[in-house]
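One-letter residues, chain by chain:
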Amino acid sequence: FLTRREDKRTIQLTDDLWHNDYPLFTPGGDTLYFTSDRGGLKAVWRLTHPDTALTLEQDYYRALSPVTDLDQWVREFTLSPDGEKIALTCGYNRIVIHNLKTGRSSDLISGYQPSHLTWHKDSNWLLYQNGNGEFNQDVFLIETTASNPQPFNISSHPKDDSRGVLSPNGNWVAWIHEARKQRE
């Protein structure tokens, strides 16, 4: 659904039986991305609004198209700040970068249930959390534009470290650390 702030009118964007989840607008607001299983596996889809003269009701549903076509289902995704790429978790163990201009997807890294993807403001670095198969999570940073990307574990500790976030200027990373019974 979509509601316009000015008149509070609600519009149903899709009218089907598919599971449509996790809506995400582009910075300009002309495209809405979401996950859907309408093609079989859960993938990223888009609703675009190419003609600014048309209202959202007239155009959005007609401009529905798939974005990703991967061999595993999409769990979560996030749009880069420059609006050119999507980082997504695919299946249980992959982070994939999808270039929205070229339509190409490439594996960034394989891990153990990577999650909580967060782009750096320059759209070249990605923060995420990843397990090690022994019920321990750590927070990692990886350069998405490197020819041979190597993740850097910024929170390496035998207890869980999770839910990393970047400061607005991109200079700081904060995360939750579970060294004791309480989280810090």
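Residues numbered from 1 in each chain as written. Predicted model: local features only at pLDDT ≥ 70, side-chain atom pairs only at ≥ 80, totals over all residues. Heavy atoms only, no water.

**Brief notes about the pattern of salt bridges**
Opposite charge on two side chains makes pairing possible when the charged atoms of those side chains draw close. Our working rule: When a carboxyl oxygen of Asp or Glu lies within 4 Å of a side-chain nitrogen of Lys or Arg, that pair is called a salt bridge. Put simply, DSSP marks the helices as runs of H or I at least four residues long and the strands as runs of E at least two long, and each gets a number from the N terminus on. Exposure classes here rest on a 1.4 Å probe applied to the protein chains alone. A residue is buried below 20% of its type maximum, exposed above 50%, and partly exposed in between.
Taken as a whole and judged by the stated rule, the model has 4 salt bridges. With a closest N to O distance of 2.5 Å, D21 and K42 form a salt bridge. Linking D21 in strand β3 (residues 20–25) with K42 in the loop between β4 (31–36) and β5 (43–48), this pair joins segments that are 21 residues apart in sequence. Among the residues examined, D21 registers a relative accessible area of 27% and is labelled partly exposed.

**Re unusual backbone geometry**
Although it is not a glycine, Y22 sits at a positive phi angle of roughly 55°. Residue position: Y22 is located in strand β3. A positive phi angle is found at H116, which is not glycine, with a value near 55°. If you trace the backbone, H116 turns up in strand β11 (residues 112–119). For H116, a relative accessible area of 27% translates into the label partly exposed.

**Here we look at the environment of S36**
Selection rule: Residue contacts follow a heavy-atom distance rule, with two residues in contact if any of their heavy atoms lie within 4.5 Å.
Mapped onto the fold, S36 is located in strand β4. S36 gets classed as buried once you look at its relative accessible area, which sits at 0%. Placed 18 residues apart in sequence, S36 and W18 show a C-alpha to C-alpha distance of 6.6 Å. Not counting residues up to four positions away in its chain, the partners in contact with S36 are W18, H19, N20, L41, K42, A43 and W45.

**Digging into the sheet that holds strand β13 (residues 137–143)**
Strand pairing within a sheet occurs via backbone hydrogen bonds; the two strands may be parallel or antiparallel. In plain terms, the rule: Two strands form a pair only when DSSP identifies at least two bridges running between them.
A sheet is described by the order of its strands in space; here 4 strands give the open sequence β11-β12-β13-β14, paired in antiparallel fashion. With partners counted over all chains shown, the strands left at the sheet margins are β11 and β14 (152–153), one partner each. Pairing of β13 with β14, which is carried by 2 bridges, proceeds in the antiparallel orientation. By the bridge assignment for β14, F140 is matched with N153.

**Notes on the sheet that holds strand β6 (residues 64–66)**
How we decide: The convention used is that axes are lines fitted to C-alpha atoms, helices contributing only their stretch in contact, and that angles between N-to-C directions extend from 0 to 180 degrees.
Across the sheet, which stays open at both edges, the 4 strands sit in the order β3-β4-β5-β6 with antiparallel pairing between neighbours. Edge positions in the open sheet fall to β3 and β6, since each of these has one partner strand only. Averaged over all pairs of adjacent strands, the angle between their axes in this sheet comes to 25°, without regard to strand direction. Here β5 pairs with β6 via 3 bridges, running antiparallel. Along β6, the bridge assignment pairs L47 with L64.

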